[in-house]
Amino acid sequence: MSWFKRQTDKIGEIAPPEERTVKTEGIFVKCDNEDCGATIYRKDLKENLNVCPTCGYHFRITARERLQLLFDDGKYDERDTGIAPTNPLEFVDKSPYEVRLKKAQKATGLLDALITGEGRIGGVRTVVCAMEFNFIGGSMGSVVGEKITLAIEYCIDQRLPLIIVSCSGGARMQEGALSLMQMAKISAALARLDDHRLPYFSLMTNPTTGGVTASYAMLGDLNIAEPGAIIGFAGARVIEQTIRQKLPKGFQRSEFLLEHGMLDAVVDRRELKQFFVDALAFVCPDK
Amino acid sequence: MDLVNPTPANMEAINRVQLARHDKRPYALDFIKLLFTEFHELHGDRKFFDDPAIIAGMARFKGRPVAIVAHQKGRDIKERQARNFGMPKPDGYRKALRVMKLAEKFGRPILTFIDTPGAYPGIDAEERGQAEAIAVNLREMARITVPIIVTITGEGGSGGALAIGVGDVVNILENGVYSVITPEGCAAILWKDAAMAPQAAASLKVTARDLLLHGIVDEIIPEPEGGAHENWEMAAEIIGGYLERSLAESDKLSVKERLEKRYLKFRKMGAFERV
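**Some remarks on the domain arrangement of chain A**
Residue and element names in this part refer to chain A.
- When its domains are assigned, chain A resolves into domain 1 (1-60) and domain 2 (61-283).
- Between the C-alpha centres of domain 1 and domain 2 there is a distance of 34 Å.
- Facing 8 residues of domain 1, the contacting portion of domain 2 comprises 13 residues.
- Carbon and sulfur atoms make up 52% of the surface buried where domain 1 meets domain 2, a total of about 980 Å² over both sides.
- For the domain 1 face of the interface with domain 2, the top three residues by lost area are Leu49, His58 and Arg60, together amounting to 70%.
- There are 0 salt bridges connecting domain 1 and domain 2.
- Here domain 1 is connected to domain 2 by 5 residue pairs in polar contact (both at pLDDT 80 or more).
- Residues of the side of domain 1 that touches domain 2, tallied by class, amount to 3 nonpolar, 4 polar and 1 charged.

**Some points on the pattern of salt bridges**
- Tallied over the entire structure, the rule returns 37 salt bridges over all chains.
- For the salt bridge of Arg269 of chain A with Glu226 of chain A, the shortest nitrogen-to-oxygen distance reads 2.9 Å. Here Arg269 of chain A, found in helix α9 (residues 269-283), pairs with Glu226 of chain A, found in the loop between β9 (222-225) and α7 (236-243); they are 43 residues apart in sequence, far enough to count as distant. Assigned by exposure class, Arg269 of chain A and Glu226 of chain A land together as buried.
- One connected set of salt bridges, linked through shared partners, spans Asp194 and Asp195 of chain A together with Lys101, Arg139, Glu140 and Arg143 of chain B.

**Things to note about the pairing of β9 of chain A**
Residue and element names in this part refer to chain A.
- Here 4 bridges tie strand β8 (residues 200-208) to β9, and the two strands are oriented parallel to one another. Looking at the pairing, Leu203 lines up with Ile224 of β9.
- Bridge count for β9 against strand β10 (residues 265-266) is 2 bridges, and the pairing is parallel. Considered in β10, the bridge of Ile224 is made with Ala265.

**Considering the confidence of the model for chain B**
Residues and elements named next belong to chain B.
- Taken residue by residue, chain B gives an average pLDDT of 95. The fraction at 70 or more is 96%.
- The low-confidence segment residues 1-6 (pLDDT under 50) makes 8 contacts with residues lying over four places distant or belonging to another chain.
- Model confidence for the complex is summarised by a pTM of 0.93, with the ipTM given as 0.95.

**Regarding helix α12 (residues 255-267) of chain B**
- Taking 1.5 Å of rise per residue, the 13 residues of α12 of chain B would be expected to cover 18 Å, and the 18 Å separating its terminal C-alpha atoms lies within 8% of that figure.
- Of all the residues in α12 of chain B, the buried ones are Arg258, Leu259, Arg262, Tyr263, Lys265, Phe266 and Arg267 of chain B.
- At its buried positions, α12 of chain B is contacted by α4 (142-158) and α5 (176-195) of chain A together with α6 (130-141), β5 (148-157), β6 (169-173) and α11 (232-251) of chain B.

**Some remarks on the packing of helix α8 (residues 183-191) of chain B against helix α9 (residues 197-204) of chain B**
Residue and element names in this part refer to chain B.
- Where α8 meets α9, the axes come as close as 8 Å, and the angle between the chain directions of the two elements is 100 degrees. On the basis of their axis angle, the class for α8 and α9 is roughly perpendicular. Contacts between α8 and α9 involve Pro183, Glu184, Cys186, Ala187 and Trp191 from the first element and Ala197, Gln199, Ala200, Ala201, Ser203 and Leu204 from the second.
- Residue classes in the contact of α8 with α9 are distributed as 8 nonpolar, 2 polar and 1 charged.

**Comments concerning the interface of chain A and chain B**
- Each side of the interface is counted separately: chain A has 60 residues, and chain B has 51 residues.
- Carbon and sulfur atoms make up 69% of the surface buried where chain A meets chain B, a total of about 4,800 Å² over both sides.
- Three residues, Met173, Met181 and Phe233 of chain A, lead the burial of chain A against chain B; their summed loss comes to 14% of the area buried on that side.
- Remark: the boundary between chain A and chain B carries 5 salt bridges.
- Measuring nitrogen to oxygen at the nearest pair gives 2.8 Å for the salt bridge that ties Glu260 of chain B to Arg192 of chain A.
- Inspection of the chain A/chain B interface yields 19 residue pairs in polar contact (both at pLDDT 80 or more).
- Among the secondary structure elements, those contributing two or more residues to the side of chain A that touches chain B are β4 (83-85), α4, α5 and α7 of chain A.
- Per-element tally for the side of chain A that touches chain B: the top contributor is α5 of chain A, with 17 residues.
- Grouping the amino acids of the side of chain A that touches chain B by side-chain chemistry returns 34 nonpolar, 16 polar and 10 charged.
- Strand direction decides the pairing type here: β4 of chain A and strand β9 (residues 272-274) of chain B, joined by 3 bridges, are antiparallel. By the bridge assignment, Ile83 of chain A is partnered in β9 of chain B with Arg274 of chain B.

**Comments concerning the environment of Val128 of chain A**
Residue and element names in this part refer to chain A.
- Position of Val128 among the secondary structure elements: in strand β6 (residues 124-131).
- Judged by relative accessible area, Val128 falls into the buried class, the value being 0%.
- Apart from residues lying up to four places away in sequence, Val128 is in contact with Leu67, Leu70, Phe71, Ile115, Thr116, Gly117, Ile121, Ile163 and Val165.

**Quick word on a nonpolar patch on the surface**
- Together, Ile27, Phe28 and Tyr41 of chain A line one region of the surface with nonpolar side chains, adding up to about 280 Å² of accessible area.
- Relative to the elements of secondary structure, Ile27 of chain A occurs in the segment before β1 (28-30).

**Section: the packing of aromatic side chains**
- One pass over the full model with this rule turns up 9 aromatic pairs over all chains.
- Aromatic pair Phe201 of chain A and Phe276 of chain A: ring centres 6.1 Å apart, planes at 20 degrees, arrangement stacked. In this pair, Phe201 of chain A is assigned in strand β8 and Phe276 of chain A in helix α9, connecting sequence segments 75 residues apart. The same class applies to Phe201 of chain A as to Phe276 of chain A, namely buried.
- Here Phe36 of chain B and Phe61 of chain B contribute two aromatic rings whose centre-to-centre distance is 5.6 Å and whose plane-to-plane angle is 50 degrees, an arrangement assigned as tilted. Of the two residues, Phe36 of chain B is situated in the loop between α2 (28-35) and β1 (37-41) and Phe61 of chain B in strand β2 (residues 54-61); the sequence distance between them amounts to 25 residues. Each member of the pair Phe36 of chain B and Phe61 of chain B is classed as buried.
- When the ring centre of Tyr154 of chain A is taken as reference, the NZ or CZ atom of Arg79 of chain A above it lies at 3.4 Å.

Parameters at a glance
- Residues numbered from 1 in each chain as written.
- Chains lettered and ligands numbered in written order.
- Predicted model: local features only at pLDDT ≥ 70, side-chain atom pairs only at ≥ 80, totals over all residues.
- Heavy atoms only, no water.
- Domains from an automatic or database assignment.
- Contact = heavy atoms within 4.5 Å.
- Buried area = accessible area lost by both parts, 1.4 Å probe.
- Salt bridge = Lys/Arg side-chain N within 4 Å of Asp/Glu carboxyl O.
- Polar contact = N/O pair within 3.5 Å; in protein donor to acceptor, adjacent residues only side chain to side chain.
- Nonpolar A, V, L, I, M, F, W, Y, C, P; charged D, E, K, R; others polar.
- Helix = DSSP H or I, 4+ residues; strand = E, 2+ residues; numbered from the N terminus.
- Buried < 20%, exposed > 50% of the residue type's maximum accessible area, 1.4 Å probe, protein only.
- Pairing = 2+ DSSP bridges.
- pLDDT = per-residue confidence, 0-100.
- Expected span 1.5 Å × (residues − 1).
- Axes fitted to C-alpha atoms, helices over the stretch in contact; angles between N-to-C directions.
- Parallel < 35°, antiparallel > 145°, perpendicular 65-115°, else oblique.
- Patch = residues over 30% accessible without salt bridge, like charges linked within 9 Å, V, L, I, M, F, W, Y side chains within 5 Å.
- Areas by Shrake-Rupley, 256 points an atom, 1.4 Å probe, with all protein chains shown as cover.
- Phe/Tyr/Trp six-rings, centres within 6.5 Å; stacked < 30°, edge-to-face > 60°.
- Lys NZ or Arg CZ within 6 Å of the ring centre and 35° of its normal.

Below is the structure:
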């Protein structure tokens, strides 16, 4: 008689292969820049504002992270909440628009692809609209158009400077021509802001393309971009198919636009806050 | 094209798209010949070059001096290539704005005619700021003080169309279309299959009727039986009537009223709910 008796015959279920590895996910991340590929301690990355400490690659950040980064002490009041998208065209592609919306809303905790915040930057009261790429590619539909227009009208009413942070694939196809018209609506509001001699800074982040670039993103008193961002009108694939030749290296990147005179500056995220503090001081009346 | 009865009300969206692209459809220069006198084309953006995909100029409409800005497609292969299939480069949009500002300076109304697959997607266009050129036109057209009457005669191809499409009145021909993306482009992205273009055209709601329903256009201009390509003269005559009426309406307004009306026209576009 043995002292120890097995309760069961088997040692137990063998761990499935995916559990046999040591879990490092969440502790380390690999740099998205293929030429770099550095393994970065996640905490280090966060402290470095989601910029790779090795190569300077700018990871995409959420609209909320963007607002926290720009406003003093990361504090702001959200404006124009409660404006929600509908399905005006009853658009159906592979998946109904409503389903895409619900999924995006659940994933981001937002009603649509833009947050408006009001707070202080270097002590100056400022309104910032930040686009959320995780919401259907940051696409611009009626809600984005309405919220930006409301923000502009509020800036005119309160005489405040405006910053829009773009991060978008362009107009939202599922709202058809209504999306397209947001370009005209916002640009018309920006004309009024300009008539009132109020400052507007446009920050383009990766990516800023299509109808967003072809309206408010390119209409800033200052048009600036983060390094390495894809910025353009037409998508690279569309251009390749049209002209049937390979695109030059670095085409439609921030640095390419800077070289062609389309941007005032390319600003590293780690210097972004100070850039805006200085720019606001330049455009705001001396106290 | 094989259409038995081209313009019934319930025609499939993709057939409207085909009619809007019909190779016998009258283009801007055809309408200009039929609708205006003393037309003189004004070339170039004074910066880089003269984009043949955009026509701009001065003319008389029923005796009255006006400025014209329009897309121009080519009729035969050679002209199509020369005009880049009606796809403007940034320089075309800058020429358009230059002539519109000229009209504003001398108090002449602006009539624009839209017919383009879209702004040209190419390396040179991107290098010279296609997006910036379109964006600036949108902003400036919102505040140009003289009347701007927009007519979509064929294809309203996204930002490339809108860049000369901000005005006091936006009318569309019965078989015109206006869309955020071509049905083919939409199908390629959402269905990963360009053959789904008919479905995409229906989903995008590109037809004149749908655009009117969603408040994108003010009025639908009827076409001669069979479509504008069947009778250019009659099509032009009908358009002329609409232009005259639209101009008369905009004339009545003071500059302040006109700009306010134009602002509110676009301001109210969009569909959302408050929750």
